Amino acid sequence: MIYETIDFNDKKILVSVINGNQILIDQNQYQKLLVSSLDILKENHMLDNIRELRIYDPNFFKVVYISLHTSSQCNMACTYCFKKMRDKTQMNIVVAKRFVDDIIKLHPNAEKYIVDPTGSGEPLLDLDLICDIGDYCKQKSDEIRKEVLPMLVTNGTLLTSDAVDRLRKAGILFGVSIDGIKKAHDSSRIYYNGLGTHRTILKNIKNIKDRTLLGAAVTLTDSNKDLVQTMKYLNKYFPAISVKPVRSLNGNGGICEDNIKEIKEQYSKLCSFLVKKTLGGDLSYISALLNGDDYLGKFILRIILNQKIQTRCDAGLGRYSLAADRKIYTCPAAIDIKELEIGSLETGIDIQKQQGVWKVLSDRSKCDQCIAKFVCGGECMITSYYAHGKIDEMDSVMCDLKRHLFKLAIKFKYIISSQNECIYRAIMNGCIEKMNRFSEDKELKEALDNPLNHYSFTELKKIKDTSKENFMKLKSVSTTK
Ligand code: SF4
Ligand code: SF4
């Protein structure tokens, strides 16, 4: 099959199976296509092959993620948590610094480095270590004159005003795990004594005065399926929202054959809600999803920017995770999965193992006939491992969901672009701005490279973040002197 069709009012959207491109055609054009010519497909680049990278190239990854498994200790016992066994091994700052240095050396041409000390527990249990890591990131940014940005996700129970001040002073960006309204959240996110955590978390969130950079990380399970309700609720507090569906395993209440139909319906309702709000002039909901690392939001962004991805993720290729026992894994969720262990702090990255991961992530022959191939990118190795005991299996339930989200993202694009070009352009600009956040800040680099500049990277960035006007003044003075 060369293309699939999606009904769109009295027209049809054709989606190329070869490269994921789309066109909107009327019934006459469609009939012509059925009986004779493929010209319309050729003219609209629906038959072009996508050039894919065959050999792993570390320079391909412009943003490199360095994850530090600082601890697996946690003060909560979420029902869907993969981590059932916790040990007391803690990482120290010397080890953390060495790993940051090693990975930066491994990817000297990256434009930006993100350091994530979340681990598989609650990072704020050792706030001193987390702040030391934040301080080291600043030091490293000044040394290499590129951004080394610390970012973490906390369960929010320990996010007191003092903790917020310390995190901000150390330059650490943070998001909070919260699953929506109290009832939905407290059914899974509980303390060890079984009590819900929602009240404490919400109190802490409300106490944060400046929430402009605050993100919500939502785990979607059977208990919080009402996505519109979740969005309405969280949009009051968070400018960025990321919803991630969790696959059902051993009765953890995730997505499975029994609830996939309903989950898809909930996503359809969410999409209609987003369309209604967006066309009504309220762009806060769509921005929240685009700003976060949301599943549907990511698909919408890629469809709008016509972005094609070659691998599902950068695990083990541009993303590395150091465990407390000094072993290196492909990503934080891979800790303790032997197949995804790719080295150690002492021996560095095992190139052969890394090549093995590249092969799994880049060989997507199983996705060949899927229209979502270049937007979805393939199955998560962790989902595959926990569902099938292998890192390279497809998961039919998750594929069903992702193809549904892919089609919803396409419909969202065509509805908005056909009904309000101005709003569509604003969303497109938002998507470009989001992408720019994941590449080098050219303006900052220009100012930094100016021979008259006396500021360090972190000083200049602070000036730019707090007052664009002052930054521009400073930039123009140094360039005209
Ligand atoms: S993982 Fe599934 S949904 Fe994603 S591209 Fe492959 S077949 Fe399609
Ligand atoms: S393997 Fe899965 S969990 Fe790990 S980075 Fe890739 S998508 Fe994320």
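### Here's the deal with the site of ligand 2
Then, number 1: For ligand 2, the full set of nearby residues is Arg312, Cys313, Ala315, Arg319, Cys331, Ala333, Ala334, Cys380, Met381 and Ile382.
Then, number 2: Of the residues that constitute the shell around ligand 2, the class distribution is eight nonpolar, no polar and two charged.

### Some words on the sheet that holds strand β8 (residues 215-220)
Then, number 1: What the 10 strands build is an open sheet, ordered β9-β8-β7-β6-β5-β4-β10-β11-β12-β13; its pairing is mixed. The outermost strands of the open sheet, each flanked by one partner alone, are β9 (240-245) and β13 (348-349).
Then, number 2: Pairing of strand β5 (residues 112-116) with strand β6 (residues 147-154) involves four bridges; the strand directions are parallel. When the bridges of β6 are listed, Ile114 appears paired with Leu149.
Then, number 3: Those strands touched by helix α3 (residues 93-106) are β4 (63-68), β5, β10 (319-322) and β13, and its axis lies near 160 degrees from that of β4.

### Focus: the domain arrangement of the protein
Then, number 1: Annotation of the protein at the domain level lists domain 1 (1-49), domain 2 (62-352) and domain 3 (442-480).
Then, number 2: Contacts between the two partners involve four residues from domain 2 and, on the opposite side, four residues from domain 3.
Then, number 3: Residues that form the side of domain 2 that touches domain 3 fall into these classes: no nonpolar, one polar and three charged.

### Focus on the site of ligand 1
Then, number 1: The full set of residues close to ligand 1 is Cys367, Cys370, Ala372, Lys373, Cys376, Gly378, Glu379, Met394, Cys399, Lys402 and Arg403.
Then, number 2: If you list the elements that add at least two residues to the shell around ligand 1, you get α13 (373-376) and α15 (396-419).
Then, number 3: A per-class count over the shell around ligand 1 returns six nonpolar, one polar and four charged.

### Comments concerning the pairing of strand β1 (residues 3-8)
Then, number 1: Bridge count between β1 and strand β2 (residues 11-16): six bridges; the pairing is antiparallel. Within the sheet, the bridge partner assigned to Ile6 lies in β2 and is Ile13.
Then, number 2: Hairpin connection, β1 to β2: the antiparallel pair is bridged by two residues, and Asn9 has positive phi, about 50 degrees.

### Brief notes about the environment of Ser242
Then, number 1: Note on placement: Ser242 falls in strand β9.
Then, number 2: With 23 C-beta atoms counted inside 10 Å, the residue Ser242 sits in the buried group.
Then, number 3: Separated by 65 residues in sequence, Ser242 and Ser177 place their C-alpha atoms 9.5 Å apart.
Then, number 4: Beyond its immediate stretch of four places on either side in the chain, Ser242 contacts Gly215, Ala217, Val218, Gly292, Asp293 and Asp294.

Criteria and cut-off values
- Residues numbered from 1 in each chain as written.
- Chains lettered and ligands numbered in written order.
- Predicted model: local features only at pLDDT ≥ 70, side-chain atom pairs only at ≥ 80, totals over all residues.
- Near = placed C-beta within 6 Å.
- Nonpolar A, V, L, I, M, F, W, Y, C, P; charged D, E, K, R; others polar.
- Pairing = 2+ DSSP bridges.
- Helix = DSSP H or I, 4+ residues; strand = E, 2+ residues; numbered from the N terminus.
- Contact = placed C-beta atoms within 7 Å.
- Axes fitted to C-alpha atoms, helices over the stretch in contact; angles between N-to-C directions.
- Domains from an automatic or database assignment.
- Buried ≥ 20, exposed ≤ 12 C-beta atoms within 10 Å, placed from the backbone.

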